[in-house]
Amino acid sequence: MITGFIRMLAWLMGAILVAIIAFFLVGPERIWRTVAGDPDMGRLETSNIVRTGKPNDALLVPPFAADLPDTQTIGAYAVPPDELFSTLIGRIEATGAVRWVERDTEGLYARALTFSPVMKFPDTNHIWVVATEDGGSALFLYAAAQLGQSDLGMNRKRLESWVALLADQPTSTGQTDN
């Protein structure tokens, strides 16, 4: 009886090992695309951000937009919007950690895919730069995971790291330009 149990356990462990090897040979990105579809969740506007309601998304906004639910506020910048946009996009590009889906330099909007290191879970990341009354600019950053319930705070950490890329940029009061 014990020998039969050990044999069954060995077969089960072997099957799990084969499944893991197959998963990585086929490629996690390909498997997630098959299971969940296109990892790009599409374009959003700051006026129609709909949160997932799960702890696997993050939204960072300027103080004048802090009424959006479950947000973290970030400061505004004393540089023109197009300059802030190109600086941020260039610095993110230099990290090599994104796959750009859209970069609209006229609309000051960009969307990129990022993937978790090992399992390659996909996230869609949005960047908006808006003008402020004082001639400066402000950022809206939103990232959401396509799969799962929790991302262990990785989307928030990524967006915060992108804000940190602008630490050398002068800040302003950031009143909105309506």
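This text follows the structure it describes.
Residues numbered from 1 in each chain as written. Predicted model: local features only at pLDDT ≥ 70, side-chain atom pairs only at ≥ 80, totals over all residues. Heavy atoms only, no water.

A. Summary view of the nonpolar core. Core analysis: the largest hydrophobic core is formed by 24 residues, its most contacted members being Leu 88, Trp 100, Ile 127, Leu 139 and Leu 141. Listed by contribution, the elements that provide at least two residues to this core are strand S1 (57-61), helix H3 (81-95), strand S5 (109-115), strand S6 (122-131), strand S7 (137-145) and helix H4 (154-164). For this core, the leading source of residues is H3, giving 5 residues. Contacts of Leu 139, omitting those with residues within four sequence positions, involve Leu 60, Val 61, Pro 62, Ile 74, Tyr 77, Leu 84, Leu 88, Ile 127, Trp 128, Val 129 and Leu 166. Formed by 10 residues, the second largest nonpolar core is a distinct cluster that contains Val 61, Trp 128, Phe 140 and Ala 144. (Core = buried A, V, L, I, M, F, W, Y, C linked by side-chain atoms within 4.5 Å. Buried < 20%, exposed > 50% of the residue type's maximum accessible area, 1.4 Å probe, protein only. Helix = DSSP H or I, 4+ residues; strand = E, 2+ residues; numbered from the N terminus. Contact = heavy atoms within 4.5 Å.)

B. Summary view of the pairing of S1. Buried residues dominate S1, accounting for 5 of its 5 residues. With 4 bridges joining them, S1 and S7 adopt antiparallel strand pairing. Within S7, the position partnered with Asp 57 by the bridge is Ala 144. As judged from the 2 bridges shared by S1 and strand S2 (residues 72-73), these two strands associate in the parallel manner. By the bridge assignment for S2, Val 61 is matched with Thr 73. (Pairing = 2+ DSSP bridges.)

C. Structural view of the environment of Ser 116. In this structure, Ser 116 sits in the loop between S5 and S6. Among the polar contacts made by the side chain of Ser 116, one reaches the main-chain amide nitrogen of Lys 120 at a distance of 3.1 Å. A polar contact is formed between the side chain of Ser 116 and the backbone nitrogen of Phe 121, at a distance of 2.8 Å. (Polar contact = N/O pair within 3.5 Å; in protein donor to acceptor, adjacent residues only side chain to side chain.)

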